[in-house]
Amino acid sequence: MFSLSIVQHAMLRALADGALQPIETQAVLLDSDGVRFVLRTVSSLARKDKARHAAAAADPLGDYDRSLFVADLAPSHYVLLNKFQLLAGHVLLVTRRFERQECLLSVEDFAALIACLSEVDGLGFYNGGVEAGASQRHKHLQLVPLPLADESPDEVPMERVLGSGSLLPFRHAFARLAPQATAPELHALYRELLHRCGISAIAGEEGELQSAPYNLLVRRGWMLVVPRSRACFESIPVNGIGFAGSLFLRSQEALDRVHAIGPMQVLRAVGMPQDVPHDA
């Protein structure tokens, strides 16, 4: 069973236990290329960096802190709180059986995502590989409640241009979702969007692996795939949330740099060159 109230209860418990360590940010809005981007400046990610280094040889999503547990999602997945939350209510949808983050998503992955999106109006996303912003080896999707920022007039800033015919400066494939689409239908569409972006399946001992890194974003009404060329623009890391129109910056210097170059150009630099639109 999954719901927003269950997530909120788990957050209160984990805060009391000291297991949840949210990171405070300051948000500013920046209009660029038809999108009102949300730029969040983080004072320090030292705690997160230290914890990531200490857990490098472990599987913190498999052998997880019980205080971070939220709910079970059928036999295949469970939900954990993101320990270092930049956005309140940020959760991870983790495969119960270990799979690599570079494995292609399955019908079961989409069933887990649907179970969450049916209860919470949120944004689901997947960082397919290190170059796409993944920081853990254990396969997991992520979900954040909307809006992405209370200060923003848009629940998902990039929606202003997705599917509008605007030529985004990075390769992507976008499609609207049918109401009440099933997990097999979402999975088939996902594979189609990967194909449009030139990403294929590679057979491996652990199942089907991706041929290239990518980000997947899913809301109740649409799906977006963005192939990736690198994890960072200069010192600025970008994961799937970046392509929703929200960037997390570690310093005032990084914020100044994004102001100077423009956030859409940051996304262009970490994506792949666009040739023709792939909106549907």
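Above this text you will find the structure in question.
Residues numbered from 1 in each chain as written. Predicted model: local features only at pLDDT ≥ 70, side-chain atom pairs only at ≥ 80, totals over all residues. Heavy atoms only, no water.

A.B. asks: It is not clear to me how the overall build of the protein should be interpreted in this structure. Could you clarify?
C.D. replies: Helix and strand counts for the protein come out as six helices and 15 strands. Radius of gyration (C-alpha) of the protein: 18 Å, near the 19 Å computed for a compact globule of 280 residues. When the backbone C-alpha atoms are referred to their principal axes, the protein occupies close to 45 × 40 × 35 Å. Looking at the protein residue by residue over its 280 residues, the buried ones come to 51%. Considering only residue pairs separated by 6 or more positions, the protein has 70% of its internal contacts joining residues 24 or more positions apart. Summed over all atoms, the accessible surface of the protein reaches about 12300 Å², with 53% contributed by carbon and sulfur. Computed over 26 positive and 31 negative side-chain charges, the inter-centroid distance for the protein is 3 Å. (Helix = DSSP H or I, 4+ residues; strand = E, 2+ residues; numbered from the N terminus. Rg over C-alpha atoms; globule rule 2.2 N^0.38 Å. Buried < 20%, exposed > 50% of the residue type's maximum accessible area, 1.4 Å probe, protein only. Contact = heavy atoms within 4.5 Å. Areas by Shrake-Rupley, 256 points an atom, 1.4 Å probe, with all protein chains shown as cover. Lys, Arg positive; Asp, Glu negative; His and termini not counted. Charge placed at Lys NZ, Arg CZ, Asp CG, Glu CD.)

A.B. asks: Would you explain the side chain of Ser3 in this entry?
C.D. replies: Inspection of the secondary structure assignment puts Ser3 in the segment before α1 (4–17). In this structure the side chain of Ser3 is engaged in a polar contact, spanning 3.0 Å, whose partner is the side chain of Ser5. Setting aside residues no more than four positions away along its own chain, Ser3 makes contact with Glu119 and Val120. (Polar contact = N/O pair within 3.5 Å; in protein donor to acceptor, adjacent residues only side chain to side chain.)

A.B. asks: Honestly, the environment of Ser67 in this entry has me stumped. Any pointers?
C.D. replies: Looking at the element boundaries, Ser67 is found in the loop between α2 (46–54) and β3 (69–73). Residue Ser67 is classed as buried on the basis of its relative accessible area of 15%. Distance in space between the C-alpha atoms of Ser67 and Gln210 is 33 Å, their sequence separation being 143 residues. When near neighbours in sequence (up to four residues on either side) are disregarded, Ser67 contacts Ala10, Arg13, Ala14, Asp17 and Ala19.

A.B. asks: Looking at this structure, how should I read the pairing of strand β9 (residues 201–204)?
C.D. replies: Bridge analysis of β9 against strand β10 (residues 207–210) gives four bridges, and the strand direction is antiparallel. Within β10, the position partnered with Ala201 by the bridge is Gln210. Taking the residues between adjacent antiparallel strands as the criterion, β9 and β10 are bridged by two residues. (Pairing = 2+ DSSP bridges.)

A.B. asks: Is there a simple way to explain the sheet that holds strand β2 (residues 35–42) in this structure?
C.D. replies: Strand pairing in a sheet relies on backbone hydrogen bonds, with the paired strands running either antiparallel or parallel. Within the open sheet, the three strands sit side by side as β1-β2-β15. Their pairing is mixed. Edge strands, defined here as strands with exactly one partner in the open sheet, are β1 (25–32) and β15 (246–249). Geometrically, the sheet is characterised by an average inter-axis angle of 25° between neighbouring strands, direction not taken into account. Docked against the sheet, helix α5 (residues 252–261) engages β1, β2 and β15, running at close to 165° with respect to β2. Where helix α6 (residues 263–270) meets the sheet, its contacts fall on β1, β2 and β15, and the angle it forms with β2 comes to roughly 80°. (Axes fitted to C-alpha atoms, helices over the stretch in contact; angles between N-to-C directions.)

A.B. asks: How should I be thinking about the packing of aromatic side chains in this particular structure?
C.D. replies: In this description, a pair of aromatic rings is defined by centroid distance and the angle of the planes. All told, the structure shown has seven aromatic pairs when counted by the stated rule. For the pair Tyr64 and Tyr78, a centre-to-centre distance of 5.0 Å together with 45° between the ring planes defines the contact as tilted. Of this pair, Tyr64 sits in the loop between α2 and β3 while Tyr78 sits in strand β4 (residues 77–81), and the two are 14 residues apart along the sequence. Aromatic side chains Phe174 and Trp222 sit 6.0 Å apart centroid to centroid with 40° between the ring planes, which places their arrangement in the tilted category. Residue Phe174 is located in strand β8 (residues 173–176), and its partner Trp222 is located in strand β12 (residues 222–227); the two are separated by 48 residues in the primary sequence. Each member of the pair, Phe174 as well as Trp222, carries the same accessibility label: buried. Feature note: the residues Phe110, Tyr126, Tyr190 and Tyr214 constitute an aromatic cluster, connected by ring pairs. (Phe/Tyr/Trp six-rings, centres within 6.5 Å; stacked < 30°, edge-to-face > 60°.)

A.B. asks: Whenever I open this one, the sheet that holds strand β7 (residues 140–145) confuses me. Can you help?
C.D. replies: Taken together, the eight strands give an open sheet; going across it, the order is β3-β4-β5-β7-β6-β11-β12-β8, and neighbouring strands pair in antiparallel fashion. In the strand order of this sheet, the two ends are held by β3 and β8, each with one partner. Averaged over all adjacent pairs, the angle separating strand axes in this sheet is 20°, with direction ignored. Strand direction decides the pairing type here: strand β6 (residues 122–128) and strand β11 (residues 214–219), joined by five bridges, are antiparallel. What sits directly across from Tyr126, in β11, is Leu216. Packing of α1 onto the sheet brings it into contact with β3, β4, β5 (91–95) and β7, and relative to β3 it is tilted by some 145°. Here helix α4 (residues 183–196) sits on the sheet and contacts β8, β11 and β12; the angle it forms with β8, its principal contact strand, is near 150°.

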